[in-house]
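What follows is the residue order along each chain.
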Amino acid sequence: MDRRMLIYASIYSVASFGVAAVMSLSLSLYALSVFLDPILTLTIPLIIISVGIQAINKRNGPLLVGLISALLYGLFFLLFLSATFLVVGIVVELVSRKVGYRGFKAVMINTTLAGGLAGVLSVLFGFLFIGVPVLNDLPYLPWPSACSTLGRVP
C-alpha cells in the first residue's frame with residue numbers, strides 16, 4: 001500500500017463522513033437520520049466515496065476506503081454503518097478485481113454496487129443493531145384517511 005493511496009482514501013472517507021454528518025445535523029435528526037432516510041443522507045456521501053475509489057483506481061483502493069469509512073462511523077458509535085462500509089468495501093474490491101478499476105463499465109458497476117449495497121445494508125444492519133421500530137400507540141397516530149374526514153385529527 002503506497003502513501004498516495006492512503007492519503008486519497010483518507011481524504012475521500014473523511015469528506016464523505018463530514019457531508020453525511022452535516023446533512024444529518026442540518027435535518028435536526030442527528031445520527032439516526034442516516035438510518036431513517038438512507039436515500040437523502042447517503043446519496044452525496046456515496047458519490048464522494050465512489051469518486052475516491054475511481055481516483056485511487058488501484059488494487060485494495062475500495063477496501064481501504066471502506067475500512068477508513070467504517071472506522072470513522074465506528075468512532076461515533078454508528079456501528080450499523082460501520083458494518084455496512086466494511087461489507088461494501090470488501091464486495092466492491094472483489095468485484096473491481098474482476099471488472100477492473102478504470103473505464104466506463106467499471107465505474108458504472110462499482111458505483112452502482114457501492115450505492116445499492118450501502119443503501120440496503122444500512123437499513124438491514126440498522127434493524128439488526130438498533131432493532132425494528134415498534135409502534136405501540138397505533139390508534140393515536142393521525143392516519144391520512146382519518147385526517148381528511150371533516151378536517152379533524154383524531
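One numbering rule holds for all chains: residues counted from 1, following each sequence as written. Thresholds applied to this predicted model are a pLDDT of at least 70 for local features of residues and 80 or more for the giving and counting of side-chain atom pairs; totals over whole chains, interfaces and linings are not thresholded and use all residues. To obtain the side-chain values, all non-hydrogen atoms of the structure were included, while hydrogens and water were left out.

### A look at the environment of I11
Part 1 of the reasoning: Relative to the elements of secondary structure, I11 occurs in helix α1 (residues 3–26).
Part 2 of the reasoning: Separated by 41 residues in sequence, I11 and G52 have C-alpha atoms that sit 8.2 Å apart. Secondary structure counts use DSSP, requiring at least four H or I residues in a row for a helix and at least two E residues in a row for a strand, with both numbered from the N terminus.

### Thoughts on the confidence of the model for the protein chain
Fine structural detail should not be taken from predicted coordinates in areas where pLDDT scores are low.
Part 1 of the reasoning: On a range of 0 to 100, pLDDT expresses the predictor's confidence in each residue. Mean pLDDT for the protein chain: 78, with 73% of residues reaching 70 or above.
Part 2 of the reasoning: Predicted confidence in the protein chain is weakest over helix α7 (residues 144–148), with a mean pLDDT of 48, and strongest over helix α4 (residues 61–75), with 92.
Part 3 of the reasoning: Per-residue pLDDT stays below 50 along residues 146–154; that stretch engages in six contacts with residues further than four places along the chain or on separate chains. For this analysis, residues touch if any pair of their heavy atoms sits within 4.5 Å.

### Let's talk about empty space enclosed by the protein
Part 1 of the reasoning: Computed over the protein atoms alone on a 1 Å grid, cavities are sets of points where a 1.4 Å probe fits but cannot get out and pockets are open sets with protein on both sides within 12 Å along at least five of seven lines; a residue lines them when it has an atom within 4 Å of a point. Grid points are joined across faces, edges and corners, and a volume is the space filled by probe spheres set on the points. Taken as a whole, this structure holds one cavity of 30 Å³ or more when the rule is applied.
Part 2 of the reasoning: Of the voids in this model, the largest cavity is the one considered here, and its volume is about 40 Å³.
Part 3 of the reasoning: What lines the largest cavity is I49, I53, P62, V65, G66, F85, V88 and G89.
Part 4 of the reasoning: Looking at the lining of the largest cavity, the elements that each hand over two or more residues are α3 (38–56), α4 and α5 (79–99).
Part 5 of the reasoning: Here the lining of the largest cavity is built from residues that sort into six nonpolar, two polar and no charged. For this classification, the nonpolar set comprises Ala, Val, Leu, Ile, Met, Phe, Trp, Tyr, Cys and Pro, the charged set comprises Asp, Glu, Lys and Arg, and every other residue, Gly included, is treated as polar.

### Side note on unusual backbone geometry
Part 1 of the reasoning: Phi at N57 is positive, roughly 30 degrees, even though this residue is not glycine.
Part 2 of the reasoning: Tracing the backbone through its elements, the reader meets N57 in the loop between α3 and α4.
Part 3 of the reasoning: Here F77, not a glycine, exhibits a phi torsion of approximately 60 degrees, which is positive.
Part 4 of the reasoning: Along the chain, F77 turns up in the loop between α4 and α5.
Part 5 of the reasoning: Here the term buried applies to any residue with accessible area under 20% of the maximum for its type, exposed to any over 50%, and partly exposed to those in between, with areas from a 1.4 Å probe on protein chains only. Looking at F77, the relative accessible area reads 72%, which means it is exposed.

### Examining a nonpolar patch on the surface
Part 1 of the reasoning: In this analysis, a patch consists of residues with relative accessible area above 30% that form no salt bridge, clustered at 9 Å for like charges and at 5 Å for the nonpolar side chains Val, Leu, Ile, Met, Phe, Trp and Tyr. In these tables, accessible area is a Shrake-Rupley quantity obtained with a 1.4 Å probe, and a residue counts as shielded only by the protein chains included in the view. Note on definitions: salt bridges are taken to be side-chain nitrogens of Lys or Arg within 4 Å of carboxyl oxygens of Asp or Glu. On the surface, L79, L124, L128, F129 and I130 cluster together into a nonpolar patch covering about 500 Å² of accessible area.
Part 2 of the reasoning: Looking at the nonpolar patch element by element, the count peaks at four residues for helix α6 (residues 104–130).
Part 3 of the reasoning: By the secondary structure assignment, L124 is in helix α6.

### Digging into the nonpolar core
Part 1 of the reasoning: Membership of the largest hydrophobic core comes to 25 residues, with the highest contact counts inside it found for A9, V65, Y73, F85 and V88.
Part 2 of the reasoning: Breaking this core down by element, the ones donating at least two residues are α1, α3, α4, α5 and α6.
Part 3 of the reasoning: Beyond its immediate chain neighbours, meaning those up to four positions away, V88 contacts A114, L117, A118 and L121. Here, the term nonpolar core denotes a set of buried Ala, Val, Leu, Ile, Met, Phe, Trp, Tyr and Cys residues that are joined through side-chain atoms within 4.5 Å.

### Observations concerning the packing of α4 against α5
Part 1 of the reasoning: The axes are straight lines fitted to the C-alpha atoms, using for helices just the contacting stretch, and the angles between their N-to-C directions are given from 0 to 180°. α5 packs onto α4 with a crossing angle of 180 degrees between their chain directions and a minimal axis gap of 8 Å. Between α4 and α5, the angle is such that the two are roughly antiparallel. Across from G61, P62, L63, G66, L67, S69, A70, Y73 and G74 in α4, the residues of α5 making contact are L79, L81, S82, F85, L86, G89, I90, V92, E93 and S96.
Part 2 of the reasoning: Considering only residue class, the contact of α4 with α5 consists of 11 nonpolar, seven polar and one charged. By the definition adopted for this analysis, an angle is roughly parallel if under 35 degrees, roughly antiparallel if over 145, roughly perpendicular if from 65 to 115, and oblique otherwise.

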